[in-house]
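A look at the structure
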Amino acid sequence: MRIPEQTIEEIRSSANIVDFISNYVQLRKRGKNFIGLCPFHQEKTPSFTVSEEKQIFHCFGCHTGGNIYKFLMEYKSISFIESVQEIAEMVGINLNFQDAEVSAAQSELERYYDINVLAAKYFSDNLLKSEAGEIARDYLVKRNIKPQTQKIFGLGFAMNGWDSFVNYAKENQINLEDAQLLGLIDSKNEGKFYDKYRGRIIFPIFSPNGRVIAFGGRVFQGEENIAKYLNSPESSIYLKRKSLYGLYHSKDEIRKVNKAIMVEGYMDLIALYQHGVKNVVASSGTSLTDDQVRLLSRYTKNIIVIFDADTAGKKAAMRSIEILLKQDFDVNVLSLPQGEDPDSFINQFGKDHFEEVLKTAKNFLEFQTSEYEAEGMFEDPKTEAEAIRELVKSAAFVNDELKRGLLIRSISRKFNLREKLLETELNKYLQQNLKNARPKVKARPKDGKPISKVKTKDEIILNSLERELIELLFEGNEEIVGNIFDTILPEDFTNESLASLAKIVYDSYLAGIVDTASLIDKVENEKLKNFIMSITLGEYQISASWDERASSGKVEKDPIKYTADTIKKYQLIKIDEQIKKNDQKIENLGDDPEILNLMKANDELRQEKKDLLNSQIYY
Ligand SMILES: [Zn+2]
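Residues numbered from 1 in each chain as written. Predicted model: local features only at pLDDT ≥ 70, side-chain atom pairs only at ≥ 80, totals over all residues.

**Examining the packing of helix H25 (residues 559-589) against helix H26 (residues 594-614)**
Look at H25 against H26: their axes get within 9 Å of each other, and the N-to-C directions meet at 160 degrees. In terms of orientation, H25 and H26 fall into the roughly antiparallel class. When the axes of H25 and H26 are compared, the crossing they make is left-handed. Of the residues in H26, those in contact with Lys568, Gln571, Leu572, Ile575, Gln578, Ile579, Asn582, Lys585, Ile586 and Leu589 of H25 are Glu594, Ile595, Leu598, Met599, Ala601, Asn602, Leu605, Arg606, Glu608, Lys609 and Leu612. For the contact of H25 with H26, the class distribution of residues is 11 nonpolar, 4 polar and 6 charged. (Axes fitted to C-alpha atoms, helices over the stretch in contact; angles between N-to-C directions. Helix = DSSP H or I, 4+ residues; strand = E, 2+ residues; numbered from the N terminus. Parallel < 35°, antiparallel > 145°, perpendicular 65-115°, else oblique. Left-handed = near helix turned anticlockwise from the far one by under 90°. Contact = placed C-beta atoms within 7 Å. Nonpolar A, V, L, I, M, F, W, Y, C, P; charged D, E, K, R; others polar.)

Okay, here's the thing in structure tokens:
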């Protein structure tokens, strides 16, 4: 982060998150919060919650949450800095671009985008207008990609020579080091630059909001010994695992029909799009990633995966299915006839026939079964058992319990197996998935005793007090935060996770920032973030229940007094804990002289406890 914290904070607090999100999501008031349908996952009942008081949002369905910047980053797939800039503009705060660090980070991104725009224009002009581009134009005609479609996808042509882009870059004052970093040019020894893309059809890759973030170049003149595809390297504007080719063009249609079609290549996607099948994205050769699936899940949870009939294509499809199932997608699979891909198929048979075939897509289980059948796995009892196990394993990836149950039933019917048996098998995989999903637990100590011993009553009280302290720290009240840190420091916390949360508030407090929306932004651990979100937005809210607890006589009505009360309880229990520890040591030491010191320490602790109990705390 490079923009000064105070500036970020000033901009953030000038905007109202409820008003802002209302531009994108229909919100209605419920209790203290606002709720609406989550824009980041498909849902029918609202679990997307916005707090005006705390200036944060959180979805209890997909766990996306944070402050106004995070919302904009996620919604538009933009960087933090872009998001700050946009809100700054909106609230009329002038970001001080004299600030070296801001301008460095900010202008780096903008510079890269600008270079890519210039490059895209250059490639496109080559294709559409230049004489040398004729060879590429002829090729695209042969591939039946119309000029109008070429324009929509910004297709281009890279000249055959070694320095035509280098020269263009020089003429347009493009920084050559930047162009090199973006993979447009490269340099040999003595710093002589040359074009990376030569004699290739160029496919610009867009971010979901339409910025050119990278290029893919495809050979088309029958060259051998060189890679068919050449792609931009990763950069601060291009993360391969997070981008889906075609999404910018198809996202509206995907939302509209609530279904996406996934194909492998650029050409497949463009061919379908041109024929009017517009809800299509391409994994573009790489195997599908969790991030790509998460991105897609903002638009739909229904997908048809189309893949080439060759073995590599099938393997890729199987892997994709697993990733999609894990994120609750409804997965159907379509396998085209041997030797066909979506591009060749739709050009040969047309849209109507393609859509007919699309209807024959099988759900993933049927698909897998027919694959195993084709491999002859059901002919031998040994391989049959293996195949059934694989099917159950896939079913275990489905999170929805009801759906999972139906799948198990259909396997049991198909293979005439007892459901109970399959369920046992299923539970094995469920356990395994759970284990893989959980963070690693600490190794056991050498004596073999498990670490998680039964908690004593004191430990339970201590833990719940620490939880309350964390809630108080995230209340966004400077006085409360100050009072806590006057007495209790992050390292005093016994619970490691809570200690790390306290540390975040502590560091931020030293920098003069205590408001909830800024603090939540700093919590990187997903689990802890969800924990904080649920206590600050959920029903269990200290501030909301103050009055209630006060009226039932449980706590002081005043939050400051309530804090003092909690701190005191915490100190008392810590003192008791220390006394007990010392007593235990005394017992173990026999007649060691150290005992005297420990006894003295305990006397002091008891006195401290007495003083604390007698004290009246005024703030
Ligand atoms: Zn959600």
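**Some remarks on the sheet that holds strand E2 (residues 33-36)**
The sheet built from 5 strands is open, its strands ordered E1-E2-E3-E4-E5 with antiparallel pairing. Every interior strand has two partners, whereas the edge strands, strand E1 (28-30) and strand E5 (65-66), have only one. Along the sheet, helix H23 (residues 526-537) makes contact with E2, strand E3 (48-51), strand E4 (56-59) and E5, crossing E4 at roughly 110 degrees. (Pairing = 2+ DSSP bridges.)

**Topic: the confidence of the model for the chain**
Here the chain averages 84 in pLDDT, while 90% of its residues score no lower than 70. The weakest mean pLDDT in the chain belongs to helix H24 (residues 542-551) at 54; the strongest belongs to strand E6 (residues 156-158) at 97. (pLDDT = per-residue confidence, 0-100.)

**Re unusual backbone geometry**
The phi dihedral of glutamine 55 is positive, around 60 degrees, even though this residue is not glycine. Within the fold, glutamine 55 resides in the loop between E3 and E4. The buried category is assigned to glutamine 55, around which 22 C-beta atoms lie within 10 Å. A positive phi is found at asparagine 258, a non-glycine position, where the angle reads about 50 degrees. Position of asparagine 258 among the secondary structure elements: in the loop between helix H10 (247-257) and strand E12 (260-263). On the neighbour-count criterion, asparagine 258 (12 C-beta atoms within 10 Å) is exposed. (Buried ≥ 20, exposed ≤ 12 C-beta atoms within 10 Å, placed from the backbone.)

**Points about the sheet that holds strand E9 (residues 200-206)**
Across the sheet, 4 strands lie side by side as E6-E9-E10-E11; this open sheet has antiparallel pairing. Sheet topology places E6 and strand E11 (229-231) at the edges, where each strand pairs with a single neighbour. Direction aside, neighbouring strands of the sheet carry axes that sit 30 degrees apart on average. Across 7 bridges, E9 lies against strand E10 (residues 212-219) in antiparallel orientation. Bridging across to E10, isoleucine 201 finds its partner in arginine 218.

**Some details on helix H21 (residues 496-510)**
An α-helix turns once per 3.6 residues; consequently, residues spaced three or four apart project the same way. Taking 1.5 Å as the rise per residue, H21 with 15 residues should run 21 Å; its terminal C-alpha atoms sit 21 Å apart, in good agreement. Looking only at H21, the buried set comprises Leu501, Ala502, Ile504, Val505 and Ser508. Buried residues of H21, seen end-on, are gathered within an arc of 150 degrees and therefore sit on one face of the element. Facing away from the buried side of H21 by more than 90 degrees, the exposed set consists of Glu496 and Leu510. Tucked into the core, H21 has its buried residues touching helix H19 (457-473), helix H20 (478-487), helix H22 (516-522) and H23. (Expected span 1.5 Å × (residues − 1). Arc of directions from axis to C-beta.)

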